[in-house]
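Each chain, letter by letter, is given below.
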Amino acid sequence: MIKLIAARPMGDYPLELHFFDGATGIYDFGPIVETATAMTAPLSDPAFFARHYIEFGALA
């Protein structure tokens, strides 16, 4: 299993992701946040979105 080891903000919703195998990438969560469902609506608050963390190798 590939595990996430770091996530760095790159603006409002993009995160630069770093994995244990040395792979990196940028994922823009903007389209997910824009769906504004009950599950994603809280993420539209930048302060809430900034509270992301890594747990057991996964983004939470």
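Cut-offs used in this document
One numbering rule holds for all chains: residues counted from 1, following each sequence as written. Given that the model is predicted, a residue must reach a pLDDT of at least 70 before its local features are reported, and side-chain atom pairs must reach 80 or more before they are shown or counted; all residues, however, enter totals for whole chains, interfaces and linings. Water and hydrogen atoms play no part in the side-chain values, which are based on all heavy atoms of the structure. What makes two strands pair is DSSP finding at least two bridges between them. Helix and strand labels come from DSSP, where a helix needs a run of H or I of at least four residues and a strand needs a run of E of at least two; each type is numbered from the N terminus. As a rule, the C-alpha atoms of each element are fitted with a line to give its axis, helices using only the stretch in contact, and angles between N-to-C directions run from 0 to 180 degrees. A pocket here means an open set of points on a 1 Å grid, computed over the protein atoms alone, that has protein on both sides within 12 Å along at least five of seven lines. A cavity is instead a set of points where a 1.4 Å probe fits but cannot get out; residues with an atom within 4 Å of a point line either one. Grid points are joined across faces, edges and corners, and a volume is the space filled by probe spheres set on the points. As a working rule, the residues Ala, Val, Leu, Ile, Met, Phe, Trp, Tyr, Cys and Pro are called nonpolar, Asp, Glu, Lys and Arg charged, and the rest polar, with Gly in that last group. The pairing test for Phe, Tyr and Trp rings, Trp by its six-membered ring, is centres within 6.5 Å, and the orientation test on the planes gives stacked under 30 degrees, edge-to-face over 60, and tilted for anything in between. Throughout this description, buried means an accessible area under 20% of the type-specific maximum (1.4 Å probe, protein chains only), exposed means over 50%, and partly exposed covers the range between.

Turning our eyes to something else, we now look at the sheet that holds strand β1 (residues 4-9). Ordered in space as β1-β2-β3, the three strands form an open sheet in which the pairing is antiparallel. Sheet topology places β1 and β3 (24-28) at the edges, where each strand pairs with a single neighbour. Pairs of neighbouring strands in the sheet enclose a mean axial angle of 25°, with direction left out of account.

Looking at the largest pocket, its volume works out to about 220 Å³. If you trace the largest pocket, you find it lined by Leu15, Phe29, Leu43, Phe48, Phe49, Arg51, His52, Tyr53, Leu59 and Ala60. Taken together, the residues of the lining of the largest pocket sort by class into eight nonpolar, one polar and one charged.

Next up on the list: the pairing of strand β2 (residues 14-19). With five bridges joining them, β1 and β2 adopt antiparallel strand pairing. Opposite Leu4, over in β2, you have Phe19 as the bridge partner. Where β1 hands over to β2, the hairpin turn is made up of four residues, of which Gly11 adopts a positive phi near 125°. Of the pairings in the sheet, the one linking β2 to β3 comprises five bridges and is antiparallel in character. By the bridge assignment, Glu16 is partnered in β3 with Ile26. Counted between consecutive antiparallel strands, the loop separating β2 from β3 contains four residues, among which Gly22 sits at a positive phi close to 95°.

Next up on the list: the packing of aromatic side chains. Each aromatic ring pair is summarised here by two numbers: the centre-to-centre distance and the angle between the ring planes. All chains considered together, the criterion is met by three aromatic pairs. Ring centres of Tyr13 and Phe49 lie 5.1 Å apart, and the angle between their planes is 85°; on these two criteria the pair is classed as edge-to-face. Separated by 36 residues along the polypeptide, Tyr13 in the loop between β1 and β2 and Phe49 in helix α2 (residues 46-49) bring together distant segments of the chain. Both residues of the pair, Tyr13 and Phe49, count as buried. Through a chain of ring-to-ring contacts, three or more aromatic side chains come together here, namely Tyr13, Tyr27, Phe29 and Phe49.

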